[in-house]
Each structure stands twice: as C-alpha cells, then as structure tokens.
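Overview (structure and organization)
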Amino acid sequence: MIVAVDGPAGSGKGTITKIISQRMGLVNLDTGATYRCVALASLRAGLTLNDEQKIIDLIDTLDIKIEHQDGEIKVFLNGEDVSKEIRSSEVTKIVSPISSIIPVRLKMVELQRKMAEGKDVIMEGRDIGTYVFPNAEVKIYLDADVNERAKRRYKENQEKGIECTYEDVLDNIKKRDENDKNKEIGALKVAENAIILDSTNLTIDEVADEVEKIIKNAK
Ligand code: DC
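Quick notes on the rules
Residues numbered from 1 in each chain as written. Predicted model: local features only at pLDDT ≥ 70, side-chain atom pairs only at ≥ 80, totals over all residues. Heavy atoms only, no water. Helix = DSSP H or I, 4+ residues; strand = E, 2+ residues; numbered from the N terminus. Rg over C-alpha atoms; globule rule 2.2 N^0.38 Å. Buried < 20%, exposed > 50% of the residue type's maximum accessible area, 1.4 Å probe, protein only. Areas by Shrake-Rupley, 256 points an atom, 1.4 Å probe, with all protein chains shown as cover. Lys, Arg positive; Asp, Glu negative; His and termini not counted. Charge placed at Lys NZ, Arg CZ, Asp CG, Glu CD. Core = buried A, V, L, I, M, F, W, Y, C linked by side-chain atoms within 4.5 Å. Contact = heavy atoms within 4.5 Å. Pairing = 2+ DSSP bridges. Axes fitted to C-alpha atoms, helices over the stretch in contact; angles between N-to-C directions. Salt bridge = Lys/Arg side-chain N within 4 Å of Asp/Glu carboxyl O.

The next point concerns the overall build of the protein. What the protein contains, in helices and strands, is nine helices and eight strands. For 219 residues, the compact-globule formula gives about 17 Å, and the C-alpha radius of gyration of the protein, at 16 Å, lands near that figure. Viewed in the frame of its principal axes, the protein has a C-alpha envelope of about 50 × 40 × 35 Å. Out of the 219 residues in the protein, the part that is buried amounts to 50%. Accessible surface, the protein: about 10900 Å² in total, of which carbon and sulfur atoms supply 47%. Here the protein contributes 33 positively and 40 negatively charged side chains, and the mean placements of these two sets differ by 0 Å.

Our next topic: the nonpolar core. Within the largest apolar cluster, 38 residues are counted, with the highest numbers of intra-cluster contacts made by Val38, Leu62, Leu77, Val104 and Phe133. By residue number, the principal contributor to this core is helix α2 (residues 32-44), which donates seven residues. For leucine 62, the contacting residues outside a window of four places in its chain are Val38, Ala41, Leu77 and Asn78. Judged by nonpolar contacts, the second largest core, of 17 residues, contains Val3, Leu26, Val138 and Val207.

Before going further, it helps to spend a moment on the sheet that holds strand β5 (residues 80-81). Taken together, three strands build an open sheet; the order of strands is β3-β4-β5 and the sheet is antiparallel. The open sheet has two free edges, formed respectively by β3 (64-69) and β5, since each of these has just one partner strand. By the bridge criterion, six bridges tie β3 to strand β4 (residues 72-77) in an arrangement that is antiparallel. Bridged to lysine 65 within β4 is phenylalanine 76.

Overall, parallel pairing links the five strands, which are arranged β2-β6-β1-β7-β8 in an open sheet. One side of each edge strand has no neighbouring strand; the edge strands of this open sheet are β2 (27-30) and β8 (195-198). Sheet twist, expressed as the mean angle between neighbouring strand axes with direction ignored, is 20 degrees. Pairing analysis gives four bridges linking strand β7 (residues 138-143) to β8, with the strands arranged parallel. Within the sheet, the bridge partner assigned to tyrosine 141 lies in β8 and is isoleucine 196. Across the sheet, helix α1 (residues 13-24) is in contact with β1 (2-6), β2, β6 (121-125) and β7; its angle to β6 comes to roughly 175 degrees.

In total, this model carries 21 salt bridges according to the counting rule given. What you see here is one network of salt bridges that share partners, running through Arg23, Asp209, Glu212 and Lys216.

And the structure:
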C-alpha cells in the first residue's frame, strides 16, 4: 500500500507521517530528504546554483539511504549520518532550485520508487500523488496558512538548535512555495482524487486522526 502525503513546506507532513507510520506500521519515507542530500553534497563540494552540470555529475557519486532507528528517521549520505545537517538554513535555502534541475529529479524519483519497493509506505513530498506514485491507494494534500506554516517551522528550528529568524523562515517558505509550484516536472499541486486537509486550525492529533480514518477507509 502506498499512502502519498503531499503539500507545501511546514504543512505538517513530517510530523503526521511519523505519527501514522508508528500507529499503522507503515514505512515512513521522506522524499524531501533525498533532495536535501543533493543540496548538502553540492554545498560541501563548493558548488553554487550556477554549477548545474557539476551538480548533475555529482549525483552519481552519492549513496543516499533512509533508515529507521528507535522511531526516528535517519538519513545517510555516503555512509555518514547527515540527518541534522540536511535541515540547516544553508541547505534549506538552495534545496528547492536544486530539486528543479531535471536530471536531479529523475534520479531522485528513481531512488524514491526503489526505496518503496515491496513495502507498505507512507511517503511525503510534493509530487508523490501526481508523479512518483500516481496510482497510490491513498492521496492526501496537507495544507495550512503560510504564516502558520512559518510559525511552526520557526519553532521546530529553535527546538532543533537550527539558527534562523522568523522573517528568514517566512521568506524562505514563500520562495519555496513559488518555486515548488512552478516546476517543469513534479510541481506541487493537488493530485487527482487527493483529499485536501487544511491543518491551520487543527491540532496535530486532530490531523493524525483524520489521516488514520482516511487510510482505514481506503483499506
Ligand atoms: O519536504 P522538504 O521541505 O524537506 O523538501 C525540501 C525541498 O525538496 C522542497 O522545497 C522541494 C523539494 N521536494 C520536491 O521537489 N519533491 C519532493 N517530493 C519532495 C521535496
């Protein structure tokens, strides 16, 4: 079974997929983490967004793995645990344009499909229900007001010790929304048959209960 959860940055996808994977025994796959690994590797190689061909060449040297340890998702890049580094402000700033580079997308989508092979998964991203798994049994589009999303992400960053200001977070989310919605391949949009959930005025538990109900109905 594939449960696709798409939506903009800060809409609660990560929090909700983690809860549901634990409640319902689904493997939780965060597809944004794969693009974040490419962004981190590019920064470490001293590349900028102007070095498109070099970024494309770099992806063949990357071994990206997502593992689950004690209920936490761990992301490994060439064997190194980069779970924290991929959330830095530097990575967050360039990840959306990096994910727009078509060969990067094609390679990451191939990897994401392979990661899900033979498993019951809940997969979060932007294009899971539209492009990665258009035949997913359940499609959910999670949304929330942009100021609420920025507030949540700012709080989360503070808890994780990631340096940023609220204004920076809001500005980054607005830019990513714009870029993610206008991609040539895999643009952020509501998939056909997707159920839209607006979490602006809902608690985490309320959203999780609703998602659980939707999946149970589909089963
Ligand atoms: O979910 P996230 O914030 O970690 O994602 C980081 C970026 O990766 C996001 O701005 C757009 C891109 N992304 C994508 O293009 N397609 C996906 N399925 C997931 C993420």
